[in-house]
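Results of the structural survey
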Amino acid sequence: MSRRVTLATADREAFAALRFLECDPEIAGPPPEELTISIEPHRTYYRIVQNGELLREQMTTKSVLESLHAHLFILSLADHPAAPLVHAASLRRGERRVLLVGPKGGGKTTLALCLLQDGYEVEGDEHVFVTPEGLIARPRGLRVKESAAPIVPGLPKVLAAAASYQDPHGHRIYNLDPRQSGAPSWRIERGGADAVILLRPNHGGYSSFRPISSLTLVREVMAECGITRMDRGKAVSVVAKFIGTAKGYDLSLGDPAGAVACVNKALEGLF
Amino acid sequence: MTELLMRVDGLEVNEVPDGYVIYETARDRVHYLNKTAAIIFELCDGSRDAADIVARVKLLFDLESSADAEIRGAIDSLLSEGLVLSHSN
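Quick summary incoming for the structure in this document. Chains are numbered independently. Their residues run from 1 in the order of the written sequence. Chain letters start at A and ligand numbers start at 1, both assigned in the order the entries are written. The predicted origin of the model limits local features to residues at a pLDDT of at least 70 and limits the giving and counting of side-chain atom pairs to 80 or more, whereas totals for whole chains, interfaces and linings rest on all residues. Values reported for side chains reflect all heavy atoms of the structure, with hydrogen atoms and water molecules removed beforehand.

Okay, the overall build of chain B next. The secondary structure content of chain B amounts to three helices and six strands. The helix and strand labels rest on DSSP assignments: H or I over at least four residues marks a helix, E over at least two residues marks a strand, and numbering proceeds from the N terminus. Walking chain B from its N terminus toward its C terminus, one meets helices and strands in the order β-β-β-β-α-β-α-α-β. Relative to a compact globule of 89 residues, whose C-alpha radius of gyration would be 12 Å, chain B shows 13 Å and is just as compact. Evaluated residue by residue, chain B yields a buried proportion of 39% over its 89 residues. The contact rule is simple, with two residues in contact once any of their heavy atoms fall within 4.5 Å. Within chain B, contacts between residues separated by at least 24 positions form 53% of all contacts whose residues are at least 6 apart in sequence. By element, 48% of the accessible surface of chain B is carried by carbon and sulfur atoms, the whole surface being about 4900 Å². On chain B, the mean spot of the 8 positive side-chain charges and the mean spot of the 17 negative ones are 2 Å from each other. Each radius of gyration reported is based on C-alpha atoms, and the globular scaling rule is 2.2 Å times the count of residues to the power 0.38. Under the scheme applied here, a residue whose accessible area is under 20% of the maximum for its type counts as buried, over 50% as exposed, and between as partly exposed, the area being computed with a 1.4 Å probe on protein chains only. Throughout, the Shrake-Rupley method with a 1.4 Å probe supplies accessible areas, and for residues the shown protein chains are the sole cover considered. Charged residues are defined narrowly, with Lys and Arg counted positive, Asp and Glu counted negative, and His plus the chain ends left uncounted. Charge positions come from single atoms, namely NZ of Lys, CZ of Arg, CG of Asp or CD of Glu.

Okay, structure coming up:
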């Protein structure tokens, strides 16, 4: 990553809200550029100031949070301007990396938390940049929904200490550092994928998986890619390149224990 | 006169283990070719007509004459998708 952002405020309410954006993984690579964004209470509103320049003004801490959420996302896109961004969780076990690909609400975070308890290291739960030099997860805390609490053992206790945000639909979403959930470390590295697993929600059912062809995998991953029209040809090329070295699977995501066993089997199949 | 088949210009061809993923710049389209279609696509090098390509694919995969229509169908798909064009010799 090219920059590390520090959010600074003396306002207690703003500080509590900004904890939802807190994220401090170890990232392999050269030291990042430091960037400070201050959130300053001013009269009845907040001023968001970046490197001494006024970025935005917002009336409430919630709108400050939403505004910064979008701003940080845009900054991360600027780090990899031509790279497709795939909806995927990225995990490692030893030297192997597995991507869980699926849309929002497809079960990536919940499965990632289950895998974390099985000894996997979670790099990210939502976005992975595909660059010519390899894949790299976008640094962001895990976004855990309340609905995951009954599924992952021990999670309710962990969430009780985590910062949260209520989305426009009234759902509470938690910001979780993998280390809070028992991971010994949180490290993000650039590299290839050994297995790419497409998630098909089968809530309430059993989990099962099957291998799929690389052509199907490219097609499905492209469908979960955010790219600009200008970069489409390059995006196809880098996605095809990383898929070419990975095994592809389709996982019908039902019971969590079965899903973990399927991911383990998928990785075992590589040896 | 023979109708020779050749790949069109402006295609970005990416090889994956099961075939080709081709990006067509002019129409901003992505095409997915399985292994057989990829071989047919490669044979469209401007020096062969459809009958020659059918014969070569049959030989390569040790196919019966009954496969002719299927191979011709694949050639027609490449033509209709704009990945290959024919020109008179």
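Now that the structure is up, let's keep going.
A few words on the pairing of strand 13 (residues 172-176) of chain A. All names here are of chain A. Taking burial as the measure, the five residues of strand 13 include four buried ones, the bulk of the element. For two strands to be treated as a pair, DSSP must find no fewer than two bridges joining them. Note: strand 11 (residues 142-145) against strand 13, four bridges, orientation antiparallel. When the bridges of strand 13 are listed, Val144 appears paired with Tyr174. Where strand 12 (residues 163-166) and strand 13 come together, four bridges link them in antiparallel fashion. What sits directly across from Tyr165, in strand 13, is Ile173.

Moving on, we get to the sheet that holds strand 5 (residues 45-49) of chain B. The pairing of strands in a sheet comes from backbone hydrogen bonds and takes either a parallel or an antiparallel form. All names here are of chain B. Pairing within the open sheet is antiparallel, and its three strands lie in the order 5-1-6. Two strands lie at the open edges of the sheet, namely strand 5 and strand 6 (84-88), each paired on one side alone. Neighbour to neighbour, the strand axes of the sheet diverge by 35° on average, direction disregarded. For strand 1 (residues 3-7) and strand 5, the ladder comprises three bridges, and the chain directions are antiparallel. Residue Leu4 lies in a different strand from strand 5, and its bridge partner there is Asp49. Convention adopted: a line fitted to C-alpha atoms gives each axis, helices being fitted over their contacting stretch, and angles between N-to-C directions are expressed from 0 to 180 degrees.

Reading across from one edge, 2-3-4 (chain B) is the order of the three strands in this open sheet, with antiparallel pairing throughout. At either end of the open sheet lies a strand with only one pairing partner, and these are strand 2 (11-16) and strand 4 (29-34) of chain B. Across this sheet, the average inter-strand angle for adjacent strands is 20°, counted without regard to direction. Set on the sheet, helix 6 (residues 232-243) of chain A makes contact with strand 2, strand 3 (19-24) and strand 4 of chain B; between it and strand 2 of chain B the angle comes to about 15°. Of the strands in this sheet, strand 2, strand 3 and strand 4 of chain B are in contact with helix 1 (residues 35-43) of chain B, which crosses strand 4 of chain B at around 105°.

Each partner contributes to the interface: chain A provides 14 residues, whereas chain B provides 14 residues. Put simply, buried area is how much 1.4 Å-probe accessible surface two parts lose in total, over both of them, once they are put together. Carbon and sulfur atoms supply 63% of the area buried between chain A and chain B, which totals about 1300 Å² over both sides. The working definition used for a salt bridge is a side-chain nitrogen of Lys or Arg within 4 Å of a carboxyl oxygen of Asp or Glu. Our count for the chain A to chain B interface comes out at one salt bridge. Residue Asp28 of chain B pairs with Arg232 of chain A through a salt bridge whose shortest N-O separation is 2.8 Å. When residues of the side of chain A that touches chain B are traced back to their parent elements, those giving at least two are helix 5 (214-223) and helix 6 of chain A. It is helix 6 of chain A that contributes the most residues to the side of chain A that touches chain B, six residues altogether. Side-chain classes are defined by residue name, with Ala, Val, Leu, Ile, Met, Phe, Trp, Tyr, Cys and Pro counting as nonpolar, Asp, Glu, Lys and Arg as charged, and the others, Gly among them, as polar. Residues belonging to the side of chain A that touches chain B are distributed by class as follows: five nonpolar, five polar and four charged.

Before going further, it helps to examine the environment of Asp125 of chain A. All names here are of chain A. Relative to the elements of secondary structure, Asp125 occurs in the loop between strand 8 (121-124) and strand 9 (127-131). Beyond its immediate chain neighbours, meaning those up to four positions away, Asp125 contacts Ala88, Ala89, Lys108, Thr109, Arg140, Gly141, Leu142 and Arg143. Of note is the side chain of Asp125, whose polar atom sits 2.9 Å from the backbone nitrogen of Arg143. We call two N or O atoms a polar contact when they sit within 3.5 Å, provided that within protein one can donate a hydrogen and the other can accept it, with sequence-adjacent residues counted only if both atoms are side-chain atoms.

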